[in-house]
Amino acid sequence: MLKMPDPDRNVLDRREQIVADLRAIVPGEGVIDDETGRRPYECDGLTAYRQLPMVVVLPDTVEQVSAVLKYCHANGVRVVPRGAGTSLSGGALPLEDGVLLGLSKFRKILEVDYPNRCAVVQPGVTNLAITQAVEHDGFYYAPDPSSQIACTIGGNVAENSGGVHCLKYGLTTNNVMGIQMVMMDGTIVRFGGKQLDAPGYDLLGLMVGSEGLLGVVTEVVVRLLKAPESMRAVLIGFSASEAAGATVGAIIGAGMIPAGIEMMDKLAIQAAEAFVHAGYPLNVEALLIIELDGPAIEVDHLIDRVAVLAKEHGATDIRASQSEAERVAFWAGRKNAFPAVGRISPDYYCMDGTIPRARLPEVLSRMNDLSAHHGLRVANVFHAGDGNLHPLILYDANVPGELEKAENFGADILKLCVEVGGVLTGEHGVGVEKRDLMGAMFTEDDLNQQQRVKCAFDPAQLLNPGKVFPTLHRCAELGRVHVHNGHTRFPGLPRF
Amino acid sequence: MTDSFTPNSHDEIRDAVRWAMANDAPMEIRGGGTKRGWGKPLQTNHTLDLSALNKILLYEPEELILQAEAGTPLAEIERRLTAFDQMLAFEPPDIGPLMGLAAGQQTLGGIIAANMAGPRRIKAGAARDHFLGFVAVSGRGETFKSGGRVMKNVTGYDLCKLMAGSFGTLAVLSEITVKVLPVGQKTRTVLVLGLDDAQAADAMVAALNSSHEVSGAAYLPRAIADRSSVRRVADVGKTVTALRIEGPEPSVEHRSAALRVLLGEWGKTKELHGNNSSDLWAEVRDVSYFVDDQANAIWRLSAPPHSVPTFLTELVKDVGAEYFSDWGGGLVWLSASPGERAARKIRAAADSCGGHATLIRGPDDLRAAVPVFHPQPGPVAALSERLRKQFDPKDVLNPGRMS
């Protein structure tokens, strides 16, 4: 059972006063304290965990964000920031004694600056809306998480979101140039900007992926790219996942970096095909979707090379898209894989480990053993180019004990990822979901040093506590300096 | 007395840092030593020399990763990668000669600690964007790690970003994992001749805002172009705006032809192939044009690329500097007199467009008199200092280097 920080009685007892004080900062409907109004905020995309927040605050200016945080800081009130609430790891799970600070009113695209190839946007703008604002001029914003229609750029910054094109174009962290954010004490700061680097420590890089623990992002400068001249996708079917994995290695080893390389296993292929009729072959064990982009002459050239390598590795089925509609259809199956699996099972639990790609066959085979052991089916979709796995564990929440079984199965998968040299999460974040598994990957010294970073930003630990780190240590305790071996002068160290 | 300690393992680094803590004996952290002249001069009696930590630990071309000890010479890493037609795509500069030292001395740790990036920065990112994981010893004498050996990882804070560009002031990097990428099969450079600053800025915008995937965009004023070791550049007798295209052969031919049509609007174009092309980008990357005049101060100015021409002409006239630009205009290298007046003017120019200026090379008295790194707004500077103290509470690692 998930243990969140104990609610602060002192804060809960002052709830009415706190709500009134917050209303003085954010007027009108921006402060929601009735239960019906708070209900939609009780969970994010990780729906297994729910908690009504003490109060919801929806500011619409950076000054209000600053004043709310300053007030909460002065009054010892915890704060959980939230974008669109699409997190799959519970990053926006509310606290019983906490303010849920929603950025949904920050929906403006403030500036599109083509000469400097960037746009300045507010954090509540959806990922897809950025591209939509510039696509008529032939530009786009590269990271494209599957939830891009709903998820916001502020959430993307918090989670360092990926997508299917990050093999070639990078993650959020490689595509964000600057932010304005508010620290827990209300201070407004800017890191980075329209230039390609910033002086001093890379605080922008540190903020991206910090899961709302270090600051509340109020403005984002994103890098815009010119859209490629053309794009084509190839579907390649294999009778064994080993052959599919080996083909990916061969393509990259031959010096090609496709825009995207996705892999699906048989269960995922069948679910997706039944749902969107993407034209996937149904008689294969593994399917690769490989996208090439660039001038038509380059794309055609690379598709030929990919096809040769795939045949050498025993591909049974190769089909390249012949039109834009067909390319989009190829992707529709992959992009809808989660809901497609949702149709064949009452519930599913989506995992997100990353592994060294070469270990894939071993990991898939051991995952099958785990599936038998836990008695639950698993469908696999996989960002094969960068080793990011999304096993979908099928279960039925109405069957007593099945959720726990699914969670145990998931934890075993993630431990397996770490065991083979991978990591707990590739793009969904730690949140509350993987928090208690952090010890499988990090030592206590590793985790303590990370928590000291938090202490530099938010020493009272009021911003999104209970996420990412399994044990909350007080900053005073973390800050203590241990001096060892005071008088041993470098035994055994060669010096000259 | 200056002592130099040369650890052979993480544990020996840890022992050295613990000794420094116990004896309040700050240490200079040293890799190849090529960037010792960059940053505030240090006043330490002890050096932690990482040159014995020089092994490549893992290289898997199909996985696009390389793991090496921090003191591994970059030249050795590049030799290994070249054998598999791969590279560090951020194109790390070798500023040894610019600093008055020999070429080829720098280490992987030094490149990461300074977050270096060459002309391909505009397309592929900087060292930070290719830095996947590390093991380090903090100024608390604790060994810790962050990141991993996979491309996609959001497990915990991204401390790689914090380490990149921290100049050894937070922790001593011991093992480093980086992403590597295939070398483009073919490279061509399109030159546009005779443009002034403003025209060049617009031409570079046109090129970078095209779909031709330009991987280098530099502007050389005439005096700089004249100094090029590439005859086809030096003989032009005009300013040179250079744009690089890389990739599979048929694509490069298509894109460089299209780029010449596009840029024909601005001026006469010509093309560089093979060594001419790679030599030109190596000069731009390594700031070779300013190697000979070792008396001047060298500044590196980073700004929104299209804002630069508005202040550059004025600045250059005012302080009598020479300059050229890279990164589509977003990175300007200035060679100016080593006085404080020029320093103030350059800083003010950077401030005027939201950019920043770093003193890369200068005499000790100038480096002591003006901040080497661009001063930051109060709250950001205070936050950075709090962060540093969380890693190095007793100020034993390169103390004051970034102040």
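Note that the structure is a prediction, hence the values are computed from the model and not measured.

Here the focus is the nonpolar core. Note on soluble globular proteins: their nonpolar side chains tend to be buried together. In this structure, A:Phe191, A:Val453, A:Phe457, B:Trp38, B:Leu162, B:Leu220 and B:Leu334 are the most contacted members of the largest nonpolar core, which totals 240 residues. Examining the composition of this core, we find that eight residues originate from one element, helix α15 (residues 402-419) of chain A, more than from any other. Leave out the neighbours within four places in its chain, and B:Leu334 touches B:Phe290, B:Ala297, B:Ile298, B:Trp299, B:Leu301, B:Leu315, B:Val316, B:Ala321, B:Glu322, B:Tyr323 and B:Ile346.

All names here are of chain A. With the rule as written, the count across this model stands at one disulfide over all chains. Put simply, Cys455 and Cys475 are joined by a disulfide, and their sulfur atoms are 2.0 Å apart. Across the S-S bond linking Cys455 and Cys475, the dihedral sits near -90°, which makes this disulfide left-handed. Placement of Cys455 in helix α17 (residues 444-457) and of Cys475 in helix α18 (residues 475-479) is noted, with a sequence separation of 20 residues between them. For the pair Cys455 and Cys475, one class covers both residues: buried. With no disulfide of its own, Cys166 lies 13 Å from the sulfur of Cys151, the closest cysteine sulfur.

Facing the 106 residues of chain A at the interface are 89 residues of chain B. In total, chain A and chain B occlude about 8,200 Å² of area from one another, counting both sides; carbon and sulfur atoms represent 58% of this. In this structure, the connection of chain A to chain B is made through six salt bridges. A salt bridge links A:Glu427 to B:Lys152; the shortest N-O distance between them is 3.0 Å. Summed over the shared surface of chain A and chain B, the number is 32 residue pairs in polar contact (both at pLDDT 80 or more). The residue inventory of the side of chain A that touches chain B, partitioned by class, reads 49 nonpolar, 35 polar and 22 charged.

With that out of the way, let us pick up the pattern of salt bridges. All names here are of chain B. Scanning all chains against the criterion turns up 57 salt bridges over all chains. Among the ionic pairs, Glu91 bridges to Arg120, the shortest N-O distance being 4.0 Å. One end of the pair, Glu91, is in the loop between β6 (86-87) and α3 (108-113); the other, Arg120, is in the loop between α3 and α4 (121-124), and 29 residues separate them in sequence. Overall, the relative accessible area of 7% leaves Arg120 in the buried class. One salt bridge connects Arg285 with Asp286, and the closest N-O pair in it is separated by 2.8 Å. Taken together, the shared-partner salt bridges in this structure form one network comprising Glu385, Arg388, Lys389, Asp392 and Asp395.

All names here are of chain A. Over its 15 residues, helix α14 (residues 360-374) runs 21 Å from end to end, which matches the ideal 21 Å to within 8%, given 1.5 Å per residue. Three or more residues of α14 are buried, namely Leu360, Val363, Leu364, Met367, Leu370, Ser371 and His374. Viewed along the axis of α14, the buried residues span an arc of 115°, placing them on a single side of the element. Counted as exposed and oriented over 90 degrees from the buried face of α14: Asn368, Asp369, Ala372 and His373. Structurally, α14 contributes buried residues whose contacts are with α9 (241-253), β13 (260-265), β17 (378-383), β18 (388-395) and α15.

What follows is about the side chain of A:Glu433. All names here are of chain A. By the secondary structure assignment, Glu433 is in the loop between α15 and α16 (438-441). Overall, the relative accessible area of 14% leaves Glu433 in the buried class. At 2.9 Å, the side chain of Glu433 forms a polar contact with the side chain of Lys434. If we skip the residues at most four places from it in the chain, Glu433 touches Leu46, Leu88, Ser89, Tyr349, Cys350 and Met351.

Now for the packing of aromatic side chains. All names here are of chain B. Following the criterion strictly, the structure yields 14 aromatic pairs over all chains and no others. Measuring from ring centre to ring centre gives 6.1 Å for Phe144 and Phe391, while their planes differ by 50°; the resulting arrangement is tilted. Linking Phe144 in strand β8 (residues 143-147) with Phe391 in helix α14 (residues 378-391), this pair joins segments that are 247 residues apart in sequence. According to the relative accessible area criterion, Phe144 is buried, its value standing at 2%.

Definitions and limits used
- Residues numbered from 1 in each chain as written.
- Chains lettered and ligands numbered in written order.
- Predicted model: local features only at pLDDT ≥ 70, side-chain atom pairs only at ≥ 80, totals over all residues.
- Heavy atoms only, no water.
- Core = buried A, V, L, I, M, F, W, Y, C linked by side-chain atoms within 4.5 Å.
- Buried < 20%, exposed > 50% of the residue type's maximum accessible area, 1.4 Å probe, protein only.
- Helix = DSSP H or I, 4+ residues; strand = E, 2+ residues; numbered from the N terminus.
- Contact = heavy atoms within 4.5 Å.
- Disulfide = S-S within 2.5 Å.
- Buried area = accessible area lost by both parts, 1.4 Å probe.
- Salt bridge = Lys/Arg side-chain N within 4 Å of Asp/Glu carboxyl O.
- Polar contact = N/O pair within 3.5 Å; in protein donor to acceptor, adjacent residues only side chain to side chain.
- Nonpolar A, V, L, I, M, F, W, Y, C, P; charged D, E, K, R; others polar.
- Expected span 1.5 Å × (residues − 1).
- Arc of directions from axis to C-beta.
- Phe/Tyr/Trp six-rings, centres within 6.5 Å; stacked < 30°, edge-to-face > 60°.

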